[in-house]
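Structural characterization, general
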Amino acid sequence: MDYKKAGVDIEAGYKSVELMKEHIKKTMRPEVLTNIGGFSGAFSMSAFKDMEKPTLVSGTDGVGTKLKLAFIMDKHDTVGIDCVAMCVNDIACAGGEPLFFLDYIACGKNIPEKIATIVSGVAEGCQQSSAALIGGETAEMPGFYPEDEYDLAGFAVGVVDEKDLITGKDLKAGDVLIGMASSGVHSNGFSLVRKVFEMTKESLDTYYEELGTTLGEALIAPTKIYVKALRSIKEAGVRVRACSHITGGGFYENIPRMLREGTRAVVEKNSYPVPPIFKLMAKTGNIDEQMMYNTYNMGLGMIVAVDAADVDKTMEAIKAAGETPYVVGKIEEGEKGVTLC
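Residues numbered from 1 in each chain as written. Predicted model: local features only at pLDDT ≥ 70, side-chain atom pairs only at ≥ 80, totals over all residues. Heavy atoms only, no water.

Quick look at empty space enclosed by the protein now. To find leftover empty space, one rolls a probe the size of a water molecule over the atoms. A full pass over the atoms with the stated rule returns two cavities of 30 Å³ or more. Reported here for the largest cavity is a volume of approximately 40 Å³. Forming the boundary of the largest cavity are Cys107, Lys109, Ile111, Lys114, Ile115, Glu147, Asp148, Glu149 and Tyr150. Residues belonging to the lining of the largest cavity are distributed by class as follows: four nonpolar, no polar and five charged. Quantified by volume, the second largest cavity comes out at close to 30 Å³. As for the second largest cavity, its lining consists of Leu165, Thr167, Gly168, Lys169, Asp170, Arg239, Val240 and Arg241. (1 Å grid on protein atoms, 1.4 Å probe; cavity = no way out; pocket = protein on both sides within 12 Å on 5 of 7 lines; lining within 4 Å. Points joined across faces, edges and corners; volume = space filled by probe spheres on them. Nonpolar A, V, L, I, M, F, W, Y, C, P; charged D, E, K, R; others polar.)

Written out as C-alpha cells, the structure is:
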C-alpha cells in the first residue's frame with residue numbers, strides 16, 4: 001500500500017504546479033519576492049511607502065454551487081475569475097487596491113490539466129484586478145469529493161490609505177446612486193438557479209432567443225471585476241461616499257450595508273435594463289419580484305454614492321474603465337434601509 005493507491009497522486013500534484021506556472025507568471029507585480037512552489041508568498045511593503053496611514057483590507061470567498069454548472073458543462077476556465085472577483089470587489093468596495101491573491105482548490109482526483117485550466121481563470125481574474133497570484137493550495141481528497149468534482153475558494157489582501165477608506169460616514173441626503181452593470185447572475189443564488197432550471201447538459205445547451213446564447217453560457221458568465229472602475233473614479237478626483245457590492249442577499253441586504261444611520265437609499269427599478277436571464281428565471285421559477293431583488297444583483301454588480309456635483313465625472317470615469325454606469329437613485333433622510341420604486 002502507498003499514498004497513490006490510497007487515492008492521492010503526488011506526481012499529479014507536481015505536474016499541476018508546472019502547468020499552472022505559465023498562468024501565474026502573467027499576474028506578477030514588482031513587489032512579489034518569492035517564486036511559486038515555496039512554503040509561503042512574500043510581498044514587499046514598498047507599495048505602502050507613500051501613504052500616511054497604510055491600512056490593509058482583505059476579502060475571502062468561494063464560487064459556491066455555481067461550480068455544479070462547470071462540472072456539467074465541463075467548462076473550468078472562468079470559475080477562477082468568479083473566485084477572484086468575489087474577493088477583490090469587496091476590497092475595492094472599501095476603497096482598497098488589491099495587492100495579492102491566494103487560491104485553494106480541493107478535489108476528488110487531481111487531473112493536472114483541469115487544475116491548470118481552473119488556475120488560468122484565477123490568473124485572468126488577478127490580471128483584471130492587478131493582483132499578484134502569489135500562492136495557493138491544491139488538495140486531493142479522495143473519498144471526500146467525487147473524482148470529477150472540486151471546490152474553489154480564495155483570499156485577497158489589499159491596501160488603502162486610512163483617509164481614503166469608503167465607510168459611508170459622510171453620506172448625506174441628496175447624494176446620487178450610480179450602478180455599474182453586471183454580467184448576469186455573477187456567483188450568488190445558484191442554489192435557487194439549480195431548482196429553477198433542469199441541471200442537465202441538454203438543458204444547459206439549449207439556446208434561448210431572449211438570451212442570445214445558451215442557458216449554460218448565460219449562467220456561467222464570469223463575475224464582473226470592478227477594481228479598475230473604482231480606481232478610475234478615484235483618479236478622476238471623485239470621493240466615493242459609500243459603496244455596495246451586490247452579492248448574495250441582493251438589493252435588500254447589501255445596499256443597507258453602505259448606509260449610515262438616518263439615511264435611506266431610493267432605487268428606481270426602471271432606471272436601468274434588467275438582463276434577460278433574470279426575467280427568464282423569474283418567469284420559469286414563478287419567483288416574485290421581491291425575492292428576486294432579495295437574492296440577485298438584478299443587473300447591477302456595484303453601486304456607489306457620490307455628491308450630485310460629481311455625477312458626470314463619475315459616469316465618465318466608469319465608462320473610461322470599460323464598464324457601463326447608470327444613475328439609479330438617490331439618498332434620502334429616513335430609516336436606514338432601501339426603497340425600490
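Turning our attention to the sheet that holds strand E1 (residues 54-62). Remark on secondary structure: sheet strands pair via backbone hydrogen bonds, oriented parallel or antiparallel. Spatially, the four strands line up as an open sheet ordered E1-E4-E2-E3, and their pairing is mixed. In the strand order of this sheet, the two ends are held by E1 and strand E3 (132-140), each with one partner. Ignoring strand direction, the axes of neighbouring strands in this sheet form an average angle of 15°. Both E1 and strand E4 (residues 150-161) contribute to a ladder of nine bridges, which runs antiparallel. Bridging from a neighbouring strand, Thr60 pairs with Phe155 of E4. (Pairing = 2+ DSSP bridges. Helix = DSSP H or I, 4+ residues; strand = E, 2+ residues; numbered from the N terminus. Axes fitted to C-alpha atoms, helices over the stretch in contact; angles between N-to-C directions.)

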